[in-house]
Amino acid sequence: MKHYHVKVFGWMRRHTLALAFVLLLAAAMTPLRVQGQVSPCCAILSAGLGTINSTLGSVIGGGLSDINSVLTTIQQFEQQVVWPVQAIAQARGLVGAIQGIYTQIRNIFNTPISSATLANPRQLESILLSRSPGQIGNTPGGYSAVYGVVPLPQNASPEVRDLVDMTDAVAQDAMERAIAIDALADKELQAADQINSGIQSAAPGSAPIVEAQADAWLVRAHAYTQSALADLMRVRAIDLANSGATMKFGSSGAVGTHQDVNTILKRQ
Amino acid sequence: MLAFTLLFAGLMLLSAHSRRRVVAISLVGCLAVLVVAPPPAQGQFCLPCVIQAVLDTINKVIGNWLNAVTGVLTNIRNFYQQVVWPINLINQAKAQIMAMIAQFRGLMQGIFSINPHTATLPNPVALENIIRNRQTGDLGSVGQIYLNTFRPVPQAGLMAPQDRDMTDMDDAMAQNNLKTLKMSDQAQDLMLQAADQIESLAGDPDINHMAPGSAPFLTASAVVASVKSEAIMQKMLAAALRQEAARVAHDNALRKRRSALAVQLQNDMTNILQRR
């Protein structure tokens, strides 16, 4: 046995370098215990990740939860108080119902009202009630057929002719403007129907835009009304002027007659 | 690593007789120990520091921003609920509308429905009734009832042709206006209905029937109703204009005739005087 050990040690002494390389190879091939390097950090990492997790839950999760809560409140407030869908539908329904009223009004004003019985008045009346600007050019003919024309110079004094011509002009102008105003009113009613349809298909955010257009139409309509009122006032002004002129002419006529009578009496 | 060190130490003892071998085995041993036990690298990476930095970022940066966002949203919510659309003021506005409806609507309807009837004879009573009944279904009867009171245009031969024309035109304008007024009366009633409907819905206390967000529909509808109303006003003014024009034209036609008659009278007088 002792002899055997001596032999082995002898062999090892002779091959020390070879054995050293074999050990080196064994060392190189020995798997490394990597976990041995991080093992001390595991506890720190675990604690850190746990802290991060709880922080994410409390700080970010809590913050997002608060935001969600406020946004939910805003959403509910807007949907239930500011813009409830049922209220919007109700308003649209009312607009539709009012459109029905407008249709009735349109039908009322489309009822024929002509009343003249004789030829000339019927012709003039049909022009005046036509609500068609294309008929305005026919007004003077229809007018003169009923009310006559300005007297010839041998049939009236220049003053009277001026008065008659001016009065005829104002009367005809008023008739023509009445046709135009009727036509304008029809167009306004038509536009109002279209705007009303626009309201029925609008959203709460776009309804004010439609309203702005309606406001513009209202301003326009006020202007047309003022124009119509101005035409009416013109006719009344000329009417008043005629009354004054009649008094003037009556006064000068009376003086002339007085002089004529004196002349006749003196001759006799 | 300890095992490798002991083994290499044994080999060095076995080769102690040769210095060169000892040196060679030492070098190989050192190499093996280095392979087995590389220097730890954790000195370059501070894990607690990194974790703390992440926690600081979460707490201080993200947390603060989330708090700021929550603050802004809370302000917006409070602004909406307390300043822009406070429910108490919405209800107060509706209550005011309903109170005004109760205060004025019936009263004004009562005043508006006052409809004087003062004619005493049958024909004028009938005409007064028909021109004030605010209906349009009987428009066709206006002409005959009018003629019953004001009589028809005289037959040809009983009146000068121009006078017949003018009389017929006067009657036509008068009847047209009476009919237009009946139409506008009914249109006014319908417009009043529209106004009542708009006001009633505006004051509806149910938030599902009337809300601030649905008010623009009613506002727009009311403006459209105003346009319609203005158009009706224009039609009435046009009718008044026609009537005034016809009246002025009638007076002017008489003036023309008076002028012609005056000239004729003057000529006749001159002839008479010249004969004497």
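Residues numbered from 1 in each chain as written. Chains lettered and ligands numbered in written order. Predicted model: local features only at pLDDT ≥ 70, side-chain atom pairs only at ≥ 80, totals over all residues. Heavy atoms only, no water.

**Quick notes on the packing of aromatic side chains**
Describing an aromatic ring pair means giving the distance of the ring centres and the angle of the ring planes. Cut-off, in case you're wondering: Only Phe, Tyr and Trp rings take part, Trp by its six-membered ring, and two of them pair if their centres are within 6.5 Å. Stacked means planes under 30 degrees apart, edge-to-face means over 60, and tilted covers everything else. Helix and strand assignments come from DSSP, with helices taken as H or I runs of at least 4 residues and strands as E runs of at least 2, each series counted from the N terminus. Relative accessibility under 20% of the residue-type maximum defines a buried residue, over 50% an exposed one, and the middle range a partly exposed one, all with a 1.4 Å probe and only protein chains included.
Throughout the structure, instances matching the rule amount to four aromatic pairs over all chains. A centroid spacing of 5.0 Å and a plane angle of 45° characterise the contact between Tyr143 of chain A and Tyr147 of chain A, whose relative ring orientation is tilted. With Tyr143 of chain A and Tyr147 of chain A both in helix H7 (residues 139-147) and four residues apart, the pair spans about one turn of that helix. By relative accessible area, Tyr143 of chain A is classed as buried at 1%. Ring geometry for Tyr146 of chain B and Phe150 of chain B: centres 4.9 Å apart, planes at 35°, overall tilted.

**A word on the pattern of salt bridges**
Residue and element names in this part refer to chain B. What counts, and what does not: Salt bridges are defined by distance alone: a side-chain nitrogen of Lys or Arg within 4 Å of a carboxyl oxygen of Asp or Glu.
Counted according to the given criterion, the structure contains 19 salt bridges over all chains. For Asp163, the salt bridge is made with Arg257, and the minimal N-O distance between the two is 2.0 Å. Here the residue Asp163 occupies a position in helix H7 (residues 161-202), and Arg257 occupies one in helix H8 (residues 215-275), the gap between them amounting to 94 residues. Here Asp163 falls in the buried class, since its relative accessible area comes to 16%.

**Description of a nonpolar patch on the surface**
Residue and element names in this part refer to chain B. Rules: Each patch is built from residues that are more than 30% exposed by relative accessible area and take part in no salt bridge. Like charges join if they lie within 9 Å; nonpolar side chains (Val, Leu, Ile, Met, Phe, Trp, Tyr) join within 5 Å. Only the protein chains shown count as covering a residue, and every accessible area follows the Shrake-Rupley method with a 1.4 Å probe.
A cluster of nonpolar side chains, contributed by Met100, Phe104, Leu107, Met108, Ile111 and Ile114, occupies part of the molecular surface with about 620 Å² of accessible area. Relative to the helices and strands, Ile111 resides in helix H4 (residues 87-112). With relative accessibility at 54%, the residue Ile111 sits in the exposed group.

**A few points about the environment of Ile114 of chain B**
Looking at the element boundaries, Ile114 of chain B is found in the loop between H4 and helix H5 (122-132). The exposure class assigned to Ile114 of chain B is exposed, which follows from its relative accessible area of 61%.

**Notes on the state of the cysteines**
All names here are of chain B. Just so we agree on the cut-off: Disulfides are defined in this document as cysteine sulfur pairs within 2.5 Å.
Taken as a whole and assessed by the stated rule, the structure comprises one disulfide over all chains. There is a disulfide in this structure between Cys46 and Cys49, and the S-S distance comes to 2.3 Å. Because the torsion about its S-S bond is 60°, the bridge between Cys46 and Cys49 counts as right-handed.

**Some remarks on the environment of Pro205 of chain B**
All names here are of chain B. Its place among the elements puts Pro205 in the loop between H7 and H8. Look at Pro205 and you get exposed, because its relative accessible area is 60%. In sequence terms Pro205 and Ile101 are 104 residues apart; their C-alpha atoms lie 13 Å from each other.

**With respect to the interface of chain B and chain A**
Quick reminder of the rule: Residue contacts are counted whenever heavy atoms from the two residues lie within 4.5 Å of one another. What counts as buried area is the accessible surface, traced by a 1.4 Å probe, that two parts surrender upon association, with contributions from both included. In protein, a polar contact requires one atom able to donate a hydrogen and another able to accept it; more generally it is a pair of N or O atoms within 3.5 Å, and residues adjacent in sequence count only if both atoms are side-chain atoms.
Contacts between the two partners involve 113 residues from chain B and, on the opposite side, 130 residues from chain A. Of the roughly 10500 Å² buried between chain B and chain A on both sides combined, carbon and sulfur atoms contribute 74%. Between the two partners, chain B and chain A, sit seven salt bridges. In this assembly, chain B and chain A are joined by 26 residue pairs in polar contact (both at pLDDT 80 or more). Those elements that provide at least two residues to the side of chain B that touches chain A are helix H1 (2-14), helix H2 (19-36), helix H3 (47-84), H4, H7 and H8 of chain B. With 39 residues, the top contributor of residues to the side of chain B that touches chain A is H8 of chain B.

**Here's the deal with unusual backbone geometry**
Residues and elements named next belong to chain B. Of note in this structure, Arg134 is not a glycine but carries a positive phi near 60°. Checked against the element boundaries, Arg134 lands in the loop between H5 and helix H6 (139-150). Even without being a glycine, Arg151 presents a positive backbone phi close to 70°. Along the polypeptide, Arg151 turns up in the loop between H6 and H7.

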